[in-house]
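Examination of the molecular architecture
In case you want the letters, here they are:
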Amino acid sequence: MRLTRGLLLTALFVLLTSAPPTSAAPRQAACQPPSPPAATQPNIFTEEQENDLGDAIAESMAPQLRIINNDPLTADLTRVGDRLARHLPPTKLRLQFFLIDLPELNAFVLPGGRIYVSRKLIGFTRDEDELAGVLGHEMGHLVARQQTQSMTRLFRDVIGVTQVGDRKDIFEKYNRLTDNANRRPEAFQRGASHEDKDQVEADRIGLFVVAASGYDPQAHARLFDRFTETKGNTGGFFSDLFGTTSLESKRLREMLRTTSALPQSCVEARPATAADAYRQWQANVIAFTPTGRTEMLHNVESRTVLQPGLRGDVTHARFSPDGRYLLAQDDSGITVLSREPLATLFRIPSGEAENARFSGDSQLVTFHTPGLRVEIWSVAARKMQSAHDVVVRRSCWQTSLAPDGKTLACLDWDFNLNLIDVASNAMLLQRKGFYSPNPVLFYFQYLAMLLGDTDAIDDHPVAMDFSGDGKYFAAGFRSQGLAEYEIGPEEAVMLYDVTAKAPVPLKGPARRLLVSGFAFLGNDRIVGFNAADPKKSGMISLPSGEATSTFPLNGNRLEGATRGDFVFIRPYQKYAVVVTDLAKAMIVKGSINLAIDIYGDAFVAERNTGELAIYNVADNQIKAVTTLPPAGLGRLRATAVSSDFKYVAVSGQSRGGVWSLGSGERIFYMRGFRGAWFDKDLSFFADFPKAAAEPRRMVKFDPAAKSASGLGEIRDQSAAQYGPYLVVRAPLEQGGNVLERMKIELRDSRTGTTLWSRNFSKEPPEVFVDPEQRNVVFVWPASTATARDEARKTPALAKQMASLKEKEGDYLIQVLDAATGQPRGGLFVETGKGSFRLRDVTVAKDAVVAVDNSNRVLVYSLSSGAQIGRAFGNDTAVSAETGLLSVENASGQLTLYDLSTMTKKDEFTFTSYVAYSVFSPDGKKLFVLTGNQTAYVLDVSK
């Protein structure tokens, strides 16, 4: 599980389940229930307090856990867990069992008894006994109370706490620990010997309860051996002596010793569980598609479905190999259509899917997710045929799935290239060290990954793909290096016959056509880009492996048409995609939309209206057109609602609209906008980016009259609209560095009139604008000279600055009146040497509401600088009039808090995630737009 830096604490509990032990378990002379071991470490938590600690940690992890809320599926997991729990010592801890949709094979337990099992792990088990072994091990950690001993140590070493009180106190101190994690990072690093001891104890207890419950105690060792690939090797005297026994082998050895030491009287008989029943449950878990939570709402004034809803951009489109079907993929799923007539057959809900494909026989649609979940759907049956969770020990940097869904290619983070059989998870081929990254570039990419900047990571370092029938796999890369570091080019290629399980020799110049970018054309040809000499790009014929022709190409991100001698290049100059006609050796089409495919004399693409159309290749004339079915909201660019909740405006990347909330009717349908705002007379203003010959400009809409009029052109490319305001950032002098010396100007977005401006000759701030509360917030690192200069202007801020423990990672927040630019106040936020970072800041009268990267909402008093409280969550809405704060933590769950005390006032659960929420001007109503394009108005005054 990938955790943010702010959830570093939680990683401690996951590590407790995976570190290998080395010492032997004690032999039991008679069958005695395992009693909690004598505490060797201090523990300040009673069992009741541990329950509260577990609640705090679970709330902090909520967005990452992705719990599968399906009682029938969870029932079997709970049944196994409850059977094991009957053999545990008496406890006040609350054992609970959860299925989670994580991209990893994992199970872990939190203090208090929450045991989480990923469905990938469920898929990896072979029987119920292996699942029982996993649950028993997690219960062992819990009974031994290892986690609260570790938290006791962390509370003491990091924040100096040696006792805890009630639930509120425990939540407060857990947050303090999060606030100060970076002050003592060494405290989170536990010694190997301590980890080993914990694992031995967990195994001892876990294996006992497994056997006592009638399950095979050897099952856990079998699962562990299979996952770690130890192949039964437990080491021995000489490998231990010379330090060559792996940690995994030592752990396996201790499991087997403990199992053999169990007296026969401990093994309880139980009715045999039908293997078929377990496999059916396992298949149901793997195949399950989440459909959202159960709605729990009250005081609903209105509920409106947007009709027609906003369609997300089609990002990928393909014909089937026989030309009878098409697929169109967007942010929320995949639509499968017939070609004649052009009409929707069914839709696959999978917003995380990589680009889907048809199998070579056109009977299946296959795709995989970044978490290596593979789904295979039958076109004829219009339903899922099978699903598989592929397990790899080392995470994949890059992946590719064969069109038949049978083989997955994985470039792992050890730079090995692996071919994996999807159904069996067996390794078909491994080319160790296939990829040799530029070490300098790789260092910066890895650093960016650690900091969460995924955009800086090249997710396609290797060109790799399968032929249309899945028979051939090809891969290649060429690293040019950086001249200033004198790193020479390196290259590697691979062409493999998956069916014959044999490499295909590359002849003559064919090798150089794979190293810099290529694409399969059908089943037996490869188009390759020659980076050294693009004019000598060409074609490779299969199965001969020979280069058969030469022609020029203009880019290396290639994809072949389903049928025809055409290649798509993405991106190219101002286009998202261009089409190269190989017969003409020239670019013949260009499009600002990503999705396009060609089948003979026809091509499919998305129209600007959001419809899907089939065109003639020769003259671009439309042959057929269809409207795609409604889908969930994808990535939104702008959202606004009128103050009386009468109209709502929503925009995606390419399209937007305005809807009446009384009827759900769409009043305006328009291209995508980047800013949105309704004024008091219900006029709507939107910032439309440049498109073709049309300049970027502000446009005013009258929903009642259904009319529109263009306002002034926006010439400053750095300008960004926030409701009635336009923020413009510009260098102080022409040609200067805007990041070092900046002018920040606030304008009226309707008229372009400058309201005020500020010049920063050094260290300009980060800017947050809250159009609802009419505030502008400047944020500086507290260590900057500008922050110190600003703080000295105000005695209260100067006093706060002097009281900071250290300025590293801390922030100065300055609040300004948006209309005048005059400061309203400021405060310092301490982060414990950067233990967390601020992601957003808004202000409601005296309350400063900050969202951090640790899934928390932090509330401070602007007048005193003191912290009022915290809540777990991220997306927020604030009312200055009623002092209410709305926070979404788990997807679709909103909690209302009193801003002055941060006590919970109310809770609401929606069936889909919350895309946008805002309070009415008087704070008595809350508007919520959910991902399934339903708008709610809730009365929160009661």
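Things to note about the overall build of the protein chain
- Counting its regular elements, the protein chain contains 15 helices and 59 strands.
- Buried positions account for 56% of the 942 residues belonging to the protein chain.
- Across the protein chain, the fraction of contacts at a sequence separation of at least 24, relative to all contacts at a separation of at least 6, is 52%.
- For the protein chain, the exposed surface amounts to about 39900 Å²; the carbon and sulfur share of it is 50%.

Quick word on the pattern of salt bridges
- Evaluation of the coordinates by the stated rule reveals 57 salt bridges.
- Two residues, R66 and D101, come together in a salt bridge whose shortest N-O distance is 3.5 Å. One end of the pair, R66, is in the loop between α2 (47-65) and α3 (71-85); the other, D101, is in the loop between β1 (96-100) and β2 (107-109), and 35 residues separate them in sequence.
- Its relative accessible area of 35% is what places R66 among the partly exposed residues.
- Shared partners join several salt bridges into a network, and the residues in it are D52, D55, R94, R114 and R167.

With respect to the nonpolar core
- L77, L84, V117, L131, L135 and W281 are the most contacted members of the largest nonpolar core, which totals 39 residues.
- Broken down by secondary-structure element, the contributors of at least two residues to this core are α3, β1, β2, β3 (114-118), α4 (119-124), α5 (128-143), α8 (192-212) and α12 (275-287).
- For this core, the leading source of residues is α5, giving 7 residues.
- Setting aside residues up to four positions removed in sequence, L77 forms contacts with F97, F98, L99, V117, L131, L135 and W281.
- Judged by nonpolar contacts, the second largest core, of 29 residues, contains I57, L102, Y116 and F155.

Points about the environment of A387
- Along the polypeptide, A387 turns up in strand β12 (residues 383-389).
- For A387, a relative accessible area of 14% translates into the label buried.
- Along the backbone, A387 and R373 are 14 residues apart, and their C-alpha atoms lie at a distance of 7.2 Å.
- Apart from the residues within four sequence positions on either side, A387 is in contact with I286, A287, R373, V374 and E375.

Re the packing of aromatic side chains
- According to the stated counting rule, one finds 32 aromatic pairs in the structure shown.
- Here the aromatic rings of Y174 and F872 are separated by 6.4 Å at their centres, their planes lie at 55°, and the arrangement is tilted. Linking Y174 in helix α7 (residues 167-179) with F872 in strand β52 (residues 867-872), this pair joins segments that are 698 residues apart in sequence. Comparing Y174 with F872, the two get one shared label, buried.
- Following the ring pairs from residue to residue traces out a cluster consisting of Y647, F668, F673, F678, F684, F688 and F701.
- In this arrangement the basic side chain of R226 is found over the ring face of F124, its NZ or CZ atom lying 4.7 Å from the centre.
- Above the plane of the ring of Y669 lies R666, whose end atom (NZ or CZ) is 3.8 Å from the centre.

Notes on the environment of D619
- For D619, the position within the fold is in the loop between β31 (612-616) and β32 (622-626).
- From its side chain, D619 meets the backbone nitrogen of Q621 in a polar contact 3.1 Å long.

Observations regarding the packing of helix α14 (residues 785-792) against helix α15 (residues 795-803)
- The N-to-C vectors of α14 and α15 enclose an angle of 130°; their axes lie 6 Å apart at closest approach. Judged by the angle between their axes, α14 and α15 are oblique. Of the residues in α15, those in contact with R788, A791 and R792 of α14 are L797, A798 and M801.
- Classifying every residue of the contact of α14 with α15 gives 4 nonpolar, no polar and 2 charged.

Quick notes on α14
- If you check which residues of α14 are buried, you get A785, T786, A787, E790 and A791.
- Buried-residue contacts for α14 involve β44 (754-760), β46 (775-781), α15, β47 (811-817) and β48 (823-829).

A look at the sheet that holds β32
- One open sheet holds the 4 strands; their spatial order is β29-β30-β31-β32, and the pairing between them is antiparallel. Since the sheet does not close on itself, it has two edges, and those belong to β29 (596-599) and β32, each with one partner. Between one strand axis and the next, the sheet turns through 20° on average, direction left out of account.
- With 4 bridges joining them, β31 and β32 adopt antiparallel strand pairing. Pairing of I614 across the sheet is with A624, part of β32.

Concerning the side chain of E888
- One can find E888 in strand β54 (residues 884-888).
- No salt bridge is formed by the buried E888; the nearest opposite charge belongs to R293, separated by 7.5 Å.
- Within the local environment of E888, its side chain forms a polar contact with the backbone nitrogen of V914, the two atoms lying 3.1 Å apart.
- When sequence neighbours within four positions are dropped, the list of residues in contact with E888 reads G873, N874, D875, Q893, L894, Y913 and V914.

Topic: α3
- Its 15 residues give α3 an end-to-end C-alpha distance of 19 Å, which sits within 8% of 21 Å, the value for a rise of 1.5 Å per residue.
- For α3, the side-chain oxygen to backbone nitrogen distance between the N-cap and L73 is 2.9 Å, and the N-cap itself is N70.

Digging into the confidence of the model for the protein chain
- Mean pLDDT over the protein chain stands at 87; residues scoring 70 or higher make up 87%.
- In this model residues 237-245 is a low-confidence stretch, pLDDT under 50, and it forms 10 contacts with partners more than four residues away in sequence or in other chains.
- Note that residues 450-456 has pLDDT below 50 and, in this model, 5 contacts with residues that lie over four places away or in other chains.

Topic: unusual backbone geometry
- Here the bond from Q307 into P308 is cis, since omega is -15°, no more than 30 degrees from zero.
- Of note, P308 is situated in the loop between β4 (300-305) and β5 (316-319).
- The residue after R570, namely P571, is reached through a cis peptide bond having omega -20°.
- Topologically, P571 is positioned in the loop between β26 (566-569) and β27 (577-581).
- One non-glycine residue, L372, adopts positive backbone phi at about 70°.
- Tracing the backbone shows L372 in the loop between β10 (364-368) and β11 (373-378).
- What makes L372 buried here is its relative accessible area of 5%.

With respect to the packing of α3 against α5
- One can describe the packing of α3 onto α5 by two numbers: an axis separation of 10 Å at closest approach and a directional angle of 55°. Here α5 runs oblique to α3, going by the angle between their axes. Along this stretch, α3 crosses α5, giving a crossing that reads as right-handed. For the pair α3 and α5, the contacting residues are L77, R79, V80, G81, L84 and A85 in the first and E128, L131, A132, L135, G136 and M139 in the second.
- Of the residues contributing to the contact of α3 with α5, the split by class is 8 nonpolar, 2 polar and 2 charged.

Examining the sheet that holds β52
- In spatial order, the strands read β49-β50-β51-β52; together these 4 strands make up an open sheet with antiparallel pairing. Of all the strands in the sheet, just β49 (838-844) and β52 have a single pairing partner and so form its edges. Neighbour-to-neighbour, the strand axes of the sheet open up by a mean angle of 20°, direction not taken into account.
- Bridging between strand β51 (residues 856-861) and β52 involves 5 bridges; their strand directions are antiparallel. By the bridge assignment, R856 is partnered in β52 with F872.
- Set on the sheet, α7 makes contact with β51 and β52; between it and β52 the angle comes to about 90°.

A few points about the pairing of strand β13 (residues 396-401)
- For β13, a buried count of 5 out of 6 residues is recorded, marking the element as mostly surrounded by other parts of the structure.
- Relative to strand β14 (residues 407-412), β13 is paired through 5 bridges, and the arrangement is antiparallel. Across the sheet, the residue bridging to S400 is A409, located in β14.
- Remark: 5 residues form the turn of the hairpin made by β13 and β14, two consecutive strands paired antiparallel; G405 in that turn has positive phi of roughly 75°.

A look at the side chain of H87
- Here H87 is to be found in the loop between α3 and β1.
- Looking at H87, the relative accessible area reads 19%, which means it is buried.
- Only 3.2 Å separates the side chain of H87 from the backbone oxygen of A212, close enough to count as a polar contact.

Rules behind the numbers
- Each chain has its residues counted from 1, following the order in which its sequence is written.
- Residues qualify for local features only when their pLDDT is at least 70, as the model is predicted, and side-chain atom pairs are given and counted only at 80 or more; totals for whole chains, interfaces and linings, by contrast, use all residues.
- Computation of side-chain values: all heavy atoms of the structure, hydrogens and water removed.
- Strands are runs of DSSP state E lasting at least two residues, helices are runs of H or I lasting at least four, and both sets are numbered from the N terminus onward.
- The buried label goes to any residue with under 20% of its type's maximum accessible area, the exposed label to any with over 50%, and the partly exposed label to all in between, with areas taken from a 1.4 Å probe on protein chains only.
- In this analysis, two residues are considered to be in contact whenever any of their non-hydrogen atoms come within 4.5 Å of each other.
- Note on areas: these come from Shrake-Rupley sampling with a 1.4 Å probe, and a residue is covered only by the protein chains present in the view.
- Throughout this description, the term salt bridge denotes a Lys or Arg side-chain nitrogen within 4 Å of a carboxyl oxygen of Asp or Glu.
- To define a nonpolar core, start from buried Ala, Val, Leu, Ile, Met, Phe, Trp, Tyr and Cys residues and group those joined through side-chain atoms within 4.5 Å.
- Any two of the Phe, Tyr and Trp rings considered here, Trp counted by its six-membered ring, make a pair once their centres fall within 6.5 Å; the pair's planes then place it as stacked at under 30 degrees, edge-to-face at over 60, or tilted in between.
- By definition here, charges over rings are those cases where NZ of Lys or CZ of Arg is within 6 Å of the ring centre and within 35 degrees of the ring normal.
- N or O atoms closer than or at 3.5 Å make up a polar contact, with two conditions inside protein: a donor-capable atom paired with an acceptor-capable one, and, for residues adjacent in sequence, both atoms drawn from side chains.
- To obtain each axis, a line is fitted to C-alpha atoms, and for helices this fit is confined to the stretch in contact; angles are then taken between N-to-C directions over 0 to 180 degrees.
- For classification purposes, an angle smaller than 35 degrees is called roughly parallel, one larger than 145 roughly antiparallel, one from 65 to 115 roughly perpendicular, and anything else oblique.
- For this classification, Asp, Glu, Lys and Arg are treated as charged, while Ala, Val, Leu, Ile, Met, Phe, Trp, Tyr, Cys and Pro are nonpolar and the rest, including Gly, are polar.
- DSSP calls a pair of strands paired once it identifies at least 2 bridges connecting them.
- Here Asp and Glu are counted as negative and Lys and Arg as positive; His is not counted, and neither are the chain ends.
- One less than the residue count of a helix, multiplied by 1.5 Å, gives the span that helix is expected to have.
- Values of pLDDT, which run from 0 to 100, indicate the predictor's confidence residue by residue.
- The handedness criterion is simple: a crossing whose near helix is rotated anticlockwise from the far helix by less than a right angle is left-handed, and one whose near helix is rotated clockwise is right-handed.

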